[in-house]
Amino acid sequence: MNLIQGETVTVIRTGRVLDELGEPTYGEDAREEVESVVVAPGATADLDASRPEGVTVAYTLCFPKTYAGELKGCAVEVRGERFRVVGDPQRYTEANTPGTWNLTVEVTRTDG
């Protein structure tokens, strides 16, 4: 029995696609559900005085070793909300991860 329980999140890959007129646009290419992702609340912050209702929300996600995809440039849907991946997350080495998870990913969303 695991003491830590993961959740299912959806990885959303976006890229250049052609619209119905053949013009390039950016849209969703694929959605992939990933099970057993640990979701930890990250830092939150209010934005500056020019955006008094603005806030930044973040999570730290720990993906399982079974997930082989890359996350640079992706979005992740967590608990029904869409967040963007920060940077180019890299995996820990096998020697440093005896447990289930080896990829820590920061995601963020700004509202307001």
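Residues numbered from 1 in each chain as written. Predicted model: local features only at pLDDT ≥ 70, side-chain atom pairs only at ≥ 80, totals over all residues. Heavy atoms only, no water.

> How do you make sense of unusual backbone geometry when you look at a structure like this?
Positive phi is not limited to glycine here, since Ser-36 has a value of about 65°. For Ser-36, the position within the fold is in strand E2 (residues 24–41). Note on Ser-36: relative accessible area 30%, which makes it partly exposed. Phi is positive for Arg-79, close to 50°, though the residue is something other than glycine. The topology assignment puts Arg-79 in the loop between strand E5 (75–78) and strand E6 (81–85). (Helix = DSSP H or I, 4+ residues; strand = E, 2+ residues; numbered from the N terminus. Buried < 20%, exposed > 50% of the residue type's maximum accessible area, 1.4 Å probe, protein only.)

> Can you help me understand the pairing of E5 in this one?
Both faces of the sheet carry side chains from a regular strand, because those side chains alternate between them. Pairing of E5 with E6, which is carried by 4 bridges, proceeds in the antiparallel orientation. From the neighbouring strand, Ala-75 faces E6, where its bridge partner is Arg-84. Counting the residues in the hairpin turn of E5 and E6 gives 2 residues, including Arg-79, whose phi is positive at 50°. (Pairing = 2+ DSSP bridges.)

> Quick question: what am I supposed to make of the packing of aromatic side chains here?
Geometrically, a pair of aromatic rings is defined through the distance of the ring centres and the angle of the planes. Within this structure, the stated rule accounts for 2 aromatic pairs. Arranged with centres 5.2 Å apart and planes meeting at 75°, the rings of Tyr-59 and Phe-83 form a pair that is edge-to-face. One end of the pair, Tyr-59, is in strand E4 (residues 55–64); the other, Phe-83, is in strand E6, and 24 residues separate them in sequence. Like Tyr-59, the residue Phe-83 is buried in the burial classification. When the centroid spacing of 5.1 Å and the interplanar angle of 45° are considered together, the rings of Phe-63 and Tyr-67 count as tilted. Taking relative accessible area as the criterion, Tyr-67 reaches 5% and is therefore assigned buried. (Phe/Tyr/Trp six-rings, centres within 6.5 Å; stacked < 30°, edge-to-face > 60°.)

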